[in-house]
Structure formats: structure tokens, C-alpha cells
Amino acid sequence: MKPAHPKPLRRGLPLAVFSFAMTGLLLLPQGIAQQNAPPQGPKLVVVIAVDQMRADYVQRFRGEWRGGLARLVTRGAWFQNAAYPYSGTETCPGHATIATGVFPETHGIIGNAWWDRTTAKNVTCTQDASASDLGVSRTASPGDSPAQLMAPSFAERLRTARPGSHVVTLSLKARAAIMLAGHQADIVLWQDEVAGDWLTSSAYASEMPPFARAFFDANPLSQNSRKVWTLSMVEANYHNGHSVAGESPPPGWTASFPHPLAGGASTGQAFVTRWRASPFSDEYLERLAAAAADALKLGRGPGTDFLGISFSAPDYVGHAFGPASREVEDEYLRLDQTIGKLLADLDRAVGAGNYVVALTADHGVAPIPEQSQSQASKGGRVNAADIVARIEKVLAQRLGEGRYVSQMVDQNIYFAPGVMDRIHADPSLWQDVQTAILAAPGVQRVFESTELGQRSGAGSLEQAAALDEFSGRSGDVVVALKPRWILAARGTTHGSANDYDQHVPLLFFGAGIKPGVYAAAASPADIAPTLATLCGMTPVKTEGRVLAEAMQAKAASGGQP
Ligand SMILES: [Zn+2]
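The structure reproduced in this document is the subject of the present report.

**Thoughts on the coordination of the zinc ion**
(1) Moving on: Asp315 (OD), Asp315 (OD), His319 (NE2) and His494 (NE2) make up the full set of protein donors to the zinc ion, lying at 2.1 to 2.5 Å.
(2) Moving on: Coordination geometry of the zinc ion: the four donor atoms subtend angles of 55 to 159° at the metal centre, consistent with an arrangement described as irregular.
(3) Moving on: Donor residues binding the zinc ion come from one chain and are separated in sequence as D-x3-H-x174-H. Separated by 179 residues along the polypeptide, aspartate 315 in helix α13 (residues 313–321) and histidine 494 in the loop between β21 (485–486) and α20 (499–502) bring together distant segments of the chain.
(4) Moving on: A relative accessible area of 11% means that histidine 494 is categorised as buried.

**A few points about the nonpolar core**
(1) Moving on: Ranked by internal contacts, the top residues of the largest apolar core, which has 122 residues, are Ile48, Met53, Phe154, Trp198, Tyr332 and Phe508.
(2) Moving on: Domain assignment of the residues forming this core places at least three in each of domain 1 (42–76 + 121–362) and domain 2 (380–486).
(3) Moving on: Those residues in contact with tyrosine 332, other than ones at most four positions away along the chain, are Val50, Asp51, Gln52, Met53, Tyr57, Phe61, Trp65, Leu69 and Pro314.

**Topic: the sheet that holds strand β20 (residues 477–481)**
(1) Moving on: The four strands lie next to each other as β17-β18-β20-β19, forming an open sheet whose pairing is antiparallel. Edge strands, defined here as strands with exactly one partner in the open sheet, are β17 (405–409) and β19 (443–448). Going across the sheet, the axis of each strand differs from the next one's by a mean of 20°, ignoring polarity.
(2) Moving on: Relative to β17, helix α16 (residues 384–399) is tilted by about 155°, and along the sheet it contacts β17, β18 (412–415) and β19.
(3) Moving on: Contacts from helix α18 (residues 427–438) reach β18, β19 and β20 within the one sheet, and its direction differs from that of β19 by about 150°.

**Regarding the side chain of arginine 276**
(1) Moving on: When you line up the elements, arginine 276 lands in helix α11 (residues 269–276).
(2) Moving on: Buried within the structure, arginine 276 lacks any salt-bridge partner; its nearest side chain of opposite charge belongs to glutamate 193, at an N-O separation of 4.5 Å.
(3) Moving on: With sequence-adjacent residues up to four places away left out, arginine 276 is seen in contact with Leu172, Lys173, Gln191, Asp192, Glu193, Ser281, Ala313 and Tyr316.

**Notes on the state of the cysteines**
(1) Moving on: All told, the structure shown has one disulfide when counted by the stated rule.
(2) Moving on: For cysteine 92, the disulfide goes to cysteine 125, at an S-S distance of 2.1 Å. For the disulfide bridge between cysteine 92 and cysteine 125, the dihedral angle about the S-S bond is near 100°, and by the sign convention the bridge is right-handed. Within this pair, whereas cysteine 92 is found in helix α6 (residues 91–100), its partner cysteine 125 is found in the loop between β4 (121–124) and β5 (127–128), the two being separated by 33 residues in sequence. Comparing cysteine 92 with cysteine 125 shows no difference in burial state: the two are buried.

**Brief notes about the packing of α6 against helix α9 (residues 174–181)**
(1) Moving on: Put simply, α6 and α9 touch, their axes get as near as 8 Å, and they point 20° apart. With respect to α9, the element α6 is oriented roughly parallel. Crossing of α6 against α9: the hand is right-handed. Contacts between α6 and α9 involve Thr91, Cys92, His95, Ala96, Ile98 and Ala99 on the former and, on the latter, Arg175, Ala176, Met179 and Leu180.
(2) Moving on: Grouping the constituent residues of the contact of α6 with α9 by class yields seven nonpolar, two polar and one charged.

Rules of the game
Residues numbered from 1 in each chain as written. Predicted model: local features only at pLDDT ≥ 70, side-chain atom pairs only at ≥ 80, totals over all residues. Heavy atoms only, no water. Donors = N, O, S within 2.8 Å, 3.2 Å for Na, K, Ca; no water. Tetrahedral: all angles 85-135°; square planar, octahedral: opposite > 155°, others 65-115°. Helix = DSSP H or I, 4+ residues; strand = E, 2+ residues; numbered from the N terminus. Buried < 20%, exposed > 50% of the residue type's maximum accessible area, 1.4 Å probe, protein only. Core = buried A, V, L, I, M, F, W, Y, C linked by side-chain atoms within 4.5 Å. Domains from an automatic or database assignment. Contact = heavy atoms within 4.5 Å. Pairing = 2+ DSSP bridges. Axes fitted to C-alpha atoms, helices over the stretch in contact; angles between N-to-C directions. Lys, Arg positive; Asp, Glu negative; His and termini not counted. Salt bridge = Lys/Arg side-chain N within 4 Å of Asp/Glu carboxyl O. Disulfide = S-S within 2.5 Å. Parallel < 35°, antiparallel > 145°, perpendicular 65-115°, else oblique. Left-handed = near helix turned anticlockwise from the far one by under 90°. Nonpolar A, V, L, I, M, F, W, Y, C, P; charged D, E, K, R; others polar.

This is how it looks when you write it as C-alpha cells:
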């Protein structure tokens, strides 16, 4: 409790009365004294990240929802203009931004992977030679860890600030579970995408937690092998039509319903791929979350606990079938039910009103180019190998035969050591390289990374690239794609500064939240500072803002009365 004496004295309260009041308070039974203590915010903070959920899905599909998504939209705070302002709209940067409240220029996670100039190899965002992945029955090295995340997460700050607080994060993907957690956590679980077994990291634990081991033993994936994904509604009720052009279904599936999980074998990589790209994997993750909440008594301890859950299936479904598919629409119908079950489980275990939920996505997605070519604005597929070949050709002409490009990862182009210095020494050479890259189909702009510090206007492609620039990790040169042009050979993808990749839902619900529809600009970087304020934590500098307009008055002042 803060020293209270200056206030009564200023009000001219007689000292004797003040002393009596203090003594009286101390003499009250403990329960009543606790009720008068400053509220410490919610008992449980839940962050739900939906992998590849576009903002317009809420507008388009919410009339069909009756479960958890409907509850968040109708009874929570709905920010309709939330977007990532940077260009690397991928899973790892998105989750890192949600967790930390800062952008890739600060947290350092510029993509799911980048080129490591020291080892001359691609490195994933969670790769760590000094960590091991720990499964139920195996240990793998090198493993995954948060070592490359250069900013503290909300969850790790909460765990430090509130003794006794537990942090649990779950996803099918290592990069989602690890980034949501940050550098310290009690339980961080994800699934090996090839073998399908569940893993944690030596960065968090010395072994697979016993509750998780028991859950995985009792719930083998093979129990799902007879399941068939069929449409949930009659066909006429779907907004999305039955389009197939450019789709890239998982092995064993066609572009049409039904989608049986058993494409022959009930184990093996193809089965795991189909299961991960089905709503059944979301249901499994929800049951795992409920088991974790039970095992750690989340929301029932002395601190404020944290549950982060990232649903990966929407991303796999979206990559394969595209945002205009019935598969995507049906995936969200079923996710609405799954999130409804999660909230019902939390209502029972923690109590409605004792927890707060923030829901967003790590990125959106582009339309499938073959499906947009019949429309006014055409798109296409950008060929990274073609861009590299154009650069090699012009540099060979100017500098002589050789290999000048080390790697292209997403929009980042990495030159071989010393090549950028030679380009710098000759402005006409840089001009020729730019011209060659811009001649490739789908390329809108070319930037030199070291010049991105000079920010131009908000919302510009330069600014989006600058917010994604982290020294040592970004390419020497960065390209920006034209609208509806994607860096994928099949299906569709995300990862650009285009609107469909940047705009995502942003919803808050529960303890301390003022329901309503909010039109102000927002971003997923606002989640961490907003949750910190709701929990009464000391503010730290972030690149997001506290969304005070969506907080109840007490909560907006940091949980103080
Ligand atoms: Zn994706």
C-alpha cells in the first residue's frame, strides 16, 4: 500500500480521526481488508493468436458465428482498423510483436527465417544451437528457443512482476508458442510438423511436463484418423463459392469437400500435414489448453497467470485453399465453436469476469493470383530465382563472371561478402541492379537496407520496410511487391506490406474491458501495453499504445481505485 498520510492532512482531517481510521482498518477481519485492497487486475490473461486471420473475415463471417468468436465480437471491444505497419507479415514477427509491443526493427524477428552471414546458412527465428527440443520420448539438438527475440515479452514481465504467476503457451508451431511466451515461461508446447510428436525446449524445462506427457499418451493423433472434414452448413449458406483455380490441397485431398484425414495411413508426415490443416487440430489444441489450465490451476493462484494459444490450422487451410474458399469459411465456423469451448472452460475454472482475452492474428493473406486474374486488378506469382538470376546477370556483365548473391529469403536479398561495397563505390552499378530487379514481374520497389533509416510518410512502403529492418539480419537489398503478387509457387501466402496482409482483427473481452466498436487506428503492438496497464504493471516503452478507450475507468488507471 502507498503512504496515505498526505491526502487526509491536505483535506484537513484531524490526525486523531486519521489514526483511528488506520487502526480500524488494521483491526478488520482479513477478508474485508483484502476487499479494500487495490484490485490487481484480472486473475488470468489469455492471448489468442489466430494464424492468418484477415480483418475482413470478421465482417464477412460473423453472422454465421454463435460461439466464442461471436461472444468476443458482440460482447467485447472490437478494433476494426488494426494493422501491422511493417512489411514482414509472417508468423514469427507477428507473434513477437503481439508478445512484446514492439516491431521487428526492435524485437529483431524480421521473418520466419533469414540468412545468417556468419555461418552462411539460413536460420529460423527460433533456431538455437545451444538449446534442445524435448519430446515425450526423444531429445533433439540443435533445438528451438527465444534467444533471437531481442525484447522482453508481456508474459515474462508479468511472471517477474507477480510472484507465483504462471505462463503457458501452446501452438502447433514452435515460432508461435515460443514468441508468445518470450524468454521465461512455465510451459511452452508445440508439435513437430513432420513427425507429429509434441515438443518443448530446454530453454524452459528439463523435460516434457508430466501433465502434457499424460495428455499426449491418452490422446494420440491416430485417434483422429477416421475423422472426415465436411461442410458444417448447407452449401447455399456459405458466402464463399466453390473456387479451385490455383489451390494447393494437402497430399491426399482434392480441392473439394469432403476431406478425410485418412488418406491411407493414419500416421506419417502426410497424415500429420492433413491433420494440421484441419479444424480437428484446433479442437485438440483447445483440449490441451484446458488440461494445462487444470494442471497449473491457471487463474486460481496468488498471481496473474498467462495463457497464450496460437491456432495454426487457419494458416495451413488458408495457404492451401485461399481466402475465397469454403474451406476457410468453414474453418472459421468451427474455430468459433472451439474458442467458445475454451471460454466456457475458463468460465468454469476461473470464473467469467475474472479473466481478460485479447484476440488477434499474426498476419492476413493474399488472394490466390489465379482467382484474381478474372477481376479488375490482376496479380501473379513472383519468382525469387528469376530475381536472383537477373541480378547475377547484370553483375556478371559489369564485374565479370562470378556468384554475387548469397541468398534471397522472402523480400530480403543478401549479397556475397564485399559485393555491396563494390555496388556502393559505383552509383551506376546500383542503378543497373535496381533496374534489373524492377524488371522482374511483380516487383514494386527496391530499397537499400542501410538507407531505410530515413523514414518517409506513415503507411509508405519505405516505412513498412524500415520497421522490418534489423541490422545484421535484414538483406542488403529489400524488395516490395505489387498488390496481389505473391512469393509462392502454389496456393497463396502473405508476407508483404499490402493491406490484405497487414489488416487483422483486434478484440478484447472480459475483466476491465469496455465493450464497443472502436474505429481508431490500432495495431497488435497495442496488446502488450494495454494488458500491462490492465494488470497494473509499470509501463515500459513500446511501439504500441495503451488502448485506454476500451478500458473501464478503474482498469485504465492501472488497476488502482
Ligand atoms: Zn502462413
